[in-house]
Amino acid sequence: MSGGTSSQSSPGEAAGTQDIVATAVDRGGPRTVWSRDFALFFVARAVARLGDTMLPVALAAGLLEHGYGAGAVGLAMASTAAAFAGLVVFGGVIADRFSTRRLMIGADLVRLGTQSLAAALFYSGHVVLWEICAIGFVNGVAGAVFQPGVASTVPRLASDIQAANGAIRIAESAAQLAGPAVAGLLVGFASPGSVFAAHAATYAVSALCLLLLRLPRPAPAAPAASGTGRAGGEAGAGPREHRAGGSFKADLVEGWREFRARTWLWGVIAVWCLYMIAVWGPTVPLVATEVVQQHGPRAYGLVNSALGAGTVVGGFLALRLRPRRMLRAGAVALFAFAGFPASVGAGLGVPAMAAGAAVAGAGMSFWGVMWATSVQTQVPPDVLNRIHAYDVAGSLAMMPVGQALAGPAAAFLGAGHVLLVAGAMSLVVPAALLAVPAIRDLIRADTHALAPRAGAVRGRVRPARR
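Now for a quick tour of the structure. These numbers come from a predicted model, not from an experiment.

## A closer look at the overall build of the protein
When you go through the protein residue by residue, the secondary structure sums to 22 helices and 2 strands. Burial status across the protein gives 59% buried among its 466 residues. Of the roughly 17,100 Å² that the protein leaves accessible, carbon and sulfur atoms contribute 67%.

Printed below as a string of structure tokens:
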């Protein structure tokens, strides 16, 4: 979703930000968004997202078919989210020590194996909840190793980071548009096992694209920001010299110190914990089970495809609009998400639910690009993997709680009422974000890095506000 040594900006942080934005120029000239290597990364992310958006349909339809209810679907999803959120911080430190590309390939190969096993279980009819949860847990561990490298890969492949994030968001959104519909068709005309098999294949394609990818070396860290340069070696490896003998615990502590130094960063994460418990956590499993039970898996595929269509629109808006205060603009867009859980909770028809999902997707997608670009441009590159890991861990820490509580809450209050509460909380969250000055007033980093004359005072670049 979604750094320095103090709560205020420092010259070292400003230098680190410029390093990220100017990475392509430092390596010998301007780098366009579209290149062979960015195209491979683009395809890898799109195909992996295609499989991920098929999975909720397969889990909901498959577990319901074998006599399980909404609580089981929530637990299966929570097993992956809990492992991911609990271990991604360690994945961030590992990504700063080893080749991020190799780590991502390995994680894809692990998930290729686990999803192939899940397909075999559903094909055989031997579906036991603890086994499905165990597979989900392993997938979460692999995702925790994979995800930190994503944030640092984008700045190394493109100089226009917002455009790159917008393009990836559109690709992932197009996959979300197609994925649930394809999954619904596979469930309707074949079986849930076929969806798991297709999901496994998407990880194989992603791993192949990353295998062919050539990552340029990261930009050297500014001395004021880190006190050291990059070590030589394999392109894409990226560890600094002191990492080889450095303490794992010290790296964790350094990442945490950099994370907590940025009020806008931990402020968003604190608000996002509420969002995960009260909105996203219950929305994902309850929308799946409510729509599948009342209208069938094909209808759920259509609603999720509408969500994907909305996120495509949000991605295109993020390509064109370049607000000076990115997080403020993104928070305003988040108000649109309320229509998704509220329309399902109110028991509206499939067209109304699809419309609510489309508007919600546009708002969430726009926020996602604003947030990702802010993190990638405001944080020095030598700690970006760890900062991103803390960002992801904090963002998702409460999601398994929300997912696990979805079933009991639905049993006590009714799924519709829980979703209506989620819709109301979807309005509270962006209001809370806008109430924090450090969040709403954060100025985009490339305003200073790309146009230093506008921010220069007596020859120094004015650092971005937090």
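Text resumes after the structure shown.
## With respect to the pattern of salt bridges
Note that side chains of opposite charge can pair when their charged atoms are close. Applying the stated rule across the entire model yields 6 salt bridges. Note that Arg111 is salt-bridged to Asp108, the shortest N-O span being 3.0 Å. With a gap of 3 residues between them, Arg111 and Asp108 both fall in helix H5 (residues 100-124), about one helical turn apart. An identical accessibility class is assigned to Arg111 and Asp108; each is buried. Here Arg322 makes a salt bridge to Asp160, at a shortest N to O gap of 2.9 Å. Here Arg322 is found in the loop between helix H13 (297-320) and helix H14 (326-334), whereas its partner Asp160 is found in the loop between helix H7 (148-157) and helix H8 (161-189), with 162 residues between them in sequence. Here the salt bridges do not stand alone but share partners, grouping Arg328, Arg440 and Asp441 into one network.

## A look at helix H11 (residues 248-260)
For H11, which comprises 13 residues, the first-to-last C-alpha distance of 19 Å matches the rise-based estimate of 18 Å (1.5 Å per residue) to within 8%. Every buried residue of H11 is listed here: Asp251, Leu252, Glu254, Gly255, Glu258 and Phe259. Projected onto a plane normal to the axis of H11, the buried residues spread over an arc of 165 degrees and lie on a single side. Within H11, the exposed residues directed more than 90 degrees away from the buried face are Lys249 and Arg260. Lining the buried residues of H11 we find helix H4 (70-97), helix H12 (263-295) and helix H17 (384-396).

## Brief notes about the side chain of Arg262
Within the fold, Arg262 resides in the loop between H11 and H12. Within the local environment of Arg262, its side chain forms a polar contact with the backbone oxygen of Glu258, the two atoms lying 2.8 Å apart.

## Observations concerning H7
Counted residue by residue, H7 has 10 buried out of 10 residues, so it is predominantly covered. Listed in full, the buried residues belonging to H7 are Pro148, Gly149, Val150, Ala151, Ser152, Thr153, Val154, Pro155, Arg156 and Leu157.

## Considering the environment of Val128
Mapped onto the elements, Val128 comes out in the loop between H5 and helix H6 (129-146). Sequence separation between Val128 and His66 is 62 residues; the distance between their C-alpha atoms is 9.0 Å.

## Here we look at a nonpolar patch on the surface
The grouping of Leu87, Phe90, Val110, Phe137, Val138 and Phe248 at the surface amounts to a nonpolar patch, some 460 Å² of accessible area in total. Elements represented by at least two residues in the nonpolar patch include exactly H4 and H6. Relative to the elements of secondary structure, Phe90 occurs in helix H4.

## Some details on the environment of Thr289
Within the secondary structure layout, Thr289 lies in helix H12. Sequence separation of Thr289 and Val73 is 216 residues, and the distance between their C-alpha atoms is 8.1 Å. Those residues in contact with Thr289 that lie beyond four places of it in its chain are Ala70 and Val73. Within the structure, Thr289 has its side chain in polar contact with the backbone oxygen of Leu286 (distance 3.2 Å).

## Things to note about the side chain of His199
Mapped onto the fold, His199 is located in helix H9 (residues 192-212). On the accessibility criterion, His199 (2% relative accessible area) is buried. Those residues within four positions of His199 in sequence are excluded, and the remaining contacts are Gly51, Asp52, Leu55 and Gln115.

## With respect to the environment of Ala197
Note that Ala197 resides in helix H9. Judged by its relative accessible area of 31%, Ala197 is partly exposed. The sequence separation of Ala197 and Tyr123 amounts to 74 residues, and the corresponding C-alpha distance is 9.7 Å. Not counting chain neighbours up to four residues away, the residues in contact with Ala197 comprise Ala119 and Tyr123.

## Side note on the packing of aromatic side chains
As enumerated under the stated definition, the model contains 12 aromatic pairs in all. Judged by centre distance (4.5 Å) and plane angle (25 degrees), the ring pair of Trp272 and Tyr275 falls under stacked. In this pair, Trp272 and Tyr275 both sit in helix H12, 3 residues apart, roughly one turn of the helix. In this structure, Trp272 and Tyr275 share a single accessibility class: buried.

## Overview of the nonpolar core
The biggest cluster of nonpolar side chains holds 87 residues, and the ones touching the most others in it are Trp264, Trp367, Trp371 and Leu433. Here the element with the most residues in this core is H12; it accounts for 16 residues. With 22 residues, the next largest nonpolar core counts Ala142, Val154, Ile161 and Ala207 among its residues.

## Some remarks on the packing of H12 against H17
Interhelical geometry of H12 versus H17 gives an angle of 30 degrees and a closest axis separation of 7 Å. By the angle between their axes, H12 is roughly parallel relative to H17. Between H12 and H17, the residues in contact are Leu265, Ile269, Trp272, Cys273 and Met276 and Ile387, Asp391, Gly394, Ser395 and Leu396, respectively. By residue class, the composition of the contact of H12 with H17 is 7 nonpolar, 2 polar and 1 charged.

Cut-offs and rules
- Residues numbered from 1 in each chain as written.
- Predicted model: local features only at pLDDT ≥ 70, side-chain atom pairs only at ≥ 80, totals over all residues.
- Heavy atoms only, no water.
- Helix = DSSP H or I, 4+ residues; strand = E, 2+ residues; numbered from the N terminus.
- Buried < 20%, exposed > 50% of the residue type's maximum accessible area, 1.4 Å probe, protein only.
- Areas by Shrake-Rupley, 256 points an atom, 1.4 Å probe, with all protein chains shown as cover.
- Salt bridge = Lys/Arg side-chain N within 4 Å of Asp/Glu carboxyl O.
- Expected span 1.5 Å × (residues − 1).
- Arc of directions from axis to C-beta.
- Contact = heavy atoms within 4.5 Å.
- Polar contact = N/O pair within 3.5 Å; in protein donor to acceptor, adjacent residues only side chain to side chain.
- Patch = residues over 30% accessible without salt bridge, like charges linked within 9 Å, V, L, I, M, F, W, Y side chains within 5 Å.
- Phe/Tyr/Trp six-rings, centres within 6.5 Å; stacked < 30°, edge-to-face > 60°.
- Core = buried A, V, L, I, M, F, W, Y, C linked by side-chain atoms within 4.5 Å.
- Axes fitted to C-alpha atoms, helices over the stretch in contact; angles between N-to-C directions.
- Parallel < 35°, antiparallel > 145°, perpendicular 65-115°, else oblique.
- Nonpolar A, V, L, I, M, F, W, Y, C, P; charged D, E, K, R; others polar.

Remember, this is a structural readout, not a statement about activity or role.
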